[in-house]
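Chain residues, written in single-letter form:
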Amino acid sequence: MKYVIGIDLGTSSVKTVLVSREGEVCHEASREYPLIQLQSGYSEQDPEEWVRQTKLCLKDLLLRAAVPPEAIEGISFSGQMHGLVLLDEEHRPVRHAILWNDTRTTAQCREIEAKLGDRLLAIAKNPALEGFTLPKLLWVRDREPECFRRAVTFVLPKDYLRYRLTGQLHMDYSDAAGTLLLDVGAKRWSETICDSLGLPLSLCPLLVESHDCVGHLLPEVALETGLLTDTRVFAGGADNACGAVGAGILSPGETLCSIGTSGVILSCETNRDADYQGRLHFFNHAKPDAYYVMGVTLAAGYSLSWFKNIFAANESFGALMKLAESVPPGANGLLFTPYVVGERTPHADSLIRGSFIGMDSAHTKADFVRAVMEGITFSLHESVKLMRDGGKTIDTVVSIGGGAKSEIWLQMQADIFDAAVVKLGSEQGPAMGAAMLAAYGCGWFATLEECAARFITRSNRYEPRPEAREKYARLFDIYQEVYGATKSLNARLLPFRRGR
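Parameters and conventions
- Residues numbered from 1 in each chain as written.
- Predicted model: local features only at pLDDT ≥ 70, side-chain atom pairs only at ≥ 80, totals over all residues.
- Heavy atoms only, no water.
- Helix = DSSP H or I, 4+ residues; strand = E, 2+ residues; numbered from the N terminus.
- Expected span 1.5 Å × (residues − 1).
- Buried < 20%, exposed > 50% of the residue type's maximum accessible area, 1.4 Å probe, protein only.
- Core = buried A, V, L, I, M, F, W, Y, C linked by side-chain atoms within 4.5 Å.
- Contact = heavy atoms within 4.5 Å.
- Pairing = 2+ DSSP bridges.
- Phe/Tyr/Trp six-rings, centres within 6.5 Å; stacked < 30°, edge-to-face > 60°.
- Polar contact = N/O pair within 3.5 Å; in protein donor to acceptor, adjacent residues only side chain to side chain.
- Axes fitted to C-alpha atoms, helices over the stretch in contact; angles between N-to-C directions.
- Parallel < 35°, antiparallel > 145°, perpendicular 65-115°, else oblique.
- Nonpolar A, V, L, I, M, F, W, Y, C, P; charged D, E, K, R; others polar.
- Disulfide = S-S within 2.5 Å.
- Salt bridge = Lys/Arg side-chain N within 4 Å of Asp/Glu carboxyl O.

**Let's talk about helix 13 (residues 365-389)**
The periodicity of an α-helix, 3.6 residues per turn, causes residues three or four positions apart to be oriented the same way. With 25 residues, helix 13 extends 36 Å between its outermost C-alpha atoms, agreeing within 8% with the 36 Å of an ideal straight helix rising 1.5 Å per residue. Counting buried residues in helix 13 gives 21 out of 25 residues, a clear majority hidden from the surface. Residue glycine 391 follows helix 13 closely and has a positive phi angle near 100°.

**Topic: the nonpolar core**
Ranked by internal contacts, the top residues of the largest apolar core, which has 136 residues, are Phe154, Phe417 and Phe455. If you tally residues by element for this core, the top one is helix 13, at 11 residues. Each residue touching phenylalanine 154, except ones within four places of it in the same chain, is listed here: Leu84, Val85, Leu86, Thr133, Leu137, Met171, Thr179, Leu181, Trp189, Leu203, Cys204 and Pro205. One finds Cys57, Ile72, Tyr160 and Val221 within the second-largest nonpolar core, a separate group that totals 34 residues.

**Remarks on the pairing of strand 1 (residues 3-9)**
Most of strand 1 sits out of view: 7 of its 7 residues are buried. A two-sided burial pattern is seen for strand 1, the buried positions comprising Tyr3, Ile5, Ile7 and Leu9 on one face and Val4, Gly6 and Asp8 on the other. Taken together, the 7 bridges between strand 1 and strand 5 (residues 72-79) define a ladder with parallel strand orientation. Its bridge partner being in strand 5, valine 4 is matched across the sheet by glycine 74.

**Some points on the packing of aromatic side chains**
Applying the stated criterion to the full structure yields 17 aromatic pairs. On the numbers, 5.1 Å between centres and 70° between planes, the contact of phenylalanine 356 with phenylalanine 368 is edge-to-face. In this pair, phenylalanine 356 is assigned in strand 21 (residues 355-357) and phenylalanine 368 in helix 13, connecting sequence segments 12 residues apart. What makes phenylalanine 368 buried here is its relative accessible area of 17%. What links up through ring pairs into an aromatic cluster is the set Trp306, Phe307, Phe311, Phe336, Phe356 and Phe368.

**Structural notes on the environment of serine 316**
The residue serine 316 is located in the loop between helix 11 (301-311) and helix 12 (317-325) in this model. Engagement of the side chain of serine 316 in a polar contact is seen with the backbone nitrogen of alanine 319, the distance being 3.0 Å.

**Notes on the packing of helix 11 against helix 12**
Following both chains from N to C, one finds helix 11 and helix 12 inclined at 100°, their axes separated by 11 Å at the closest point. Judged by the angle between their axes, helix 11 and helix 12 are roughly perpendicular. Of helix 12, the residues touching helix 11 (which contributes Leu304, Ser305 and Lys308) are Phe317, Leu320 and Met321. Its residues assigned to classes, the contact of helix 11 with helix 12 comprises 4 nonpolar, 1 polar and 1 charged.

**Observations concerning the pairing of strand 18 (residues 281-284)**
Side-chain direction in a regular strand flips from residue to residue, so the side chains alternate between the two faces of the sheet. Of the two faces of strand 18, both are covered, the one formed by His281 and Phe283 as well as the one formed by Phe282 and Asn284. Where strand 18 and strand 19 (residues 291-297) come together, 4 bridges link them in antiparallel fashion. The residue bridging histidine 281 from the neighbouring strand is methionine 294, located in strand 19. Remark: 6 residues form the turn of the hairpin made by strand 18 and strand 19, two consecutive strands paired antiparallel; aspartate 289 in that turn has positive phi of roughly 55°.

**Remarks on unusual backbone geometry**
Each neighbour pair has its own omega, and for threonine 345 with proline 346 the value is 5°, a cis peptide bond. Here proline 346 is to be found in the loop between strand 20 (335-337) and strand 21. Even without a glycine there, the phi angle at alanine 66 is positive, about 55°. Along the chain, alanine 66 turns up in the loop between helix 1 (47-65) and strand 5. By relative accessible area, alanine 66 is classed as exposed at 66%. Residue aspartate 418 is not a glycine yet carries a positive backbone phi of 55°. Relative to the helices and strands, aspartate 418 resides in the loop between helix 14 (407-417) and strand 23 (420-424).

**Examining the state of the cysteines**
Using the criterion set out here, one finds 0 disulfides in the structure. There is no disulfide at cysteine 147, and the cysteine sulfur nearest it, in cysteine 204, is 19 Å away. Judged by relative accessible area, which is 16%, cysteine 147 ranks as buried. For cysteine 213, which is in no disulfide, the shortest distance to another cysteine sulfur is to cysteine 442 and amounts to 8.1 Å. The class for cysteine 213 is partly exposed, based on a relative accessible area of 38%.

**Comments concerning the pattern of salt bridges**
Tallied over the full model, the rule gives 34 salt bridges. For glutamate 209, the salt bridge identified is with lysine 187, shortest N-O distance 2.8 Å. Within this pair, whereas glutamate 209 is found in the loop between strand 12 (207-208) and strand 13 (213-216), its partner lysine 187 is found in the loop between strand 10 (182-183) and strand 11 (188-189), the two being separated by 22 residues in sequence. Owing to a relative accessible area of 18%, glutamate 209 belongs among the buried residues under this scheme.

**Here's the deal with helix 14**
Taking burial as the measure, the 11 residues of helix 14 include 10 buried ones, the bulk of the element. Taken together, the buried positions of helix 14 are occupied by Ile408, Trp409, Leu410, Gln411, Met412, Gln413, Ala414, Asp415, Ile416 and Phe417. Positive phi appears at aspartate 418, one or two residues downstream of helix 14, with a value of about 55°.

**Considerations on the environment of glutamate 315**
Relative to the helices and strands, glutamate 315 resides in the loop between helix 11 and helix 12. A relative accessible area of 24% places glutamate 315 in the partly exposed class. Here glutamate 315 is in contact with Lys308, Leu320, Leu323 and Lys365, once residues within four sequence places are set aside. Reaching out from glutamate 315, the side chain makes a polar contact with the side chain of lysine 365 at a distance of 2.4 Å.

Right, here's the structure in full:
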């Protein structure tokens, strides 16, 4: 029996999965590491913690699996996107990593817009947002010039981890697309962007495909983990790209809904010239010569967690789902917008805040739970609508994450998206996508599609119900009016918020 390992380097923890050639997840292990938040809006991590905890995780995985190390043919990675790891000439970090959810770079985003204008969307396919890597590079240049002077290159989180395991430095296209420095269509670093902002092109690392073998384990790493030095290591991909691979989203029209802390609608795309005018993210896929278009709801599952913590702290999520089942579609006229930490798609507004609209004295806790779930799904549907408006056909959606753990939420997605919604038989998220990239790179399968056919099964299927679909279509029209109607009020309330 032969195996591969998928490593998913997330924001709060690293997860490893051991997967057989038949696609069976034999064992998994995970380890946590802390965030560093020096002040409001800052989010950093110590890259050495990623390395330490991953080595321990791999050691745990091998001990629990009791698999001979020579049976493990390959390792690949998934990683949190956009994070900046600046390295000196000896490839040591010059400072802590600045993460995707750090929001300190608004001034740098305005500088990018001023200097590049429409050229940014034409080249990078994405607008300048605080979460991306390029604004972070400019912030370090502006605010920490000594650190920037020492830097000779940069990588993203999983790339630094892979470097520490192999001694080889690369970046794959799917992660590079999230930097704002990549010419997404041409698959090369953009001289135009670098020159316009006064950045040397030499800062950008060597680009590779996600399934490329980029090295083998260093002897000291093999000794610490129990693996062998001839274990092949593959580049891997961005977490959303690997999540799509792990859900089988590999062909045009295949669409993913992922509801975790944030929410994602992601659809595979083969046309590199597709133009969504910056309203949706457009990135290179982990599949060769493919792309994906993506919309993001910042507070998807987080909105439900927030509601539970404030109003139902002693009740389980299962109990809340039961409450929601007792309420008809439309929550008896109660509407919720999930802007509790701002919004990304389609508004890209960090200042907007959420609201309940239509409250009356007859509403119960069950109505509120249902309204929160519907508001989250309406927000995700805005991304579905943008994709359809751009010419994409979306008739089947694979649902993963917290939103796939509840039958009522799966049916709600089908009714609101007006599409069939399917659930995976076994869900491992981006870690499975990383394992599939290793399996493909090892030559076990001729294509990622062949790998997906072996590794991924789909179980329950939920079809839209005509009456609920019609009611939700009317409610969605009202939902879309709330942002514009409340934007000015939110701006006037800003001085009164805590900490202002």
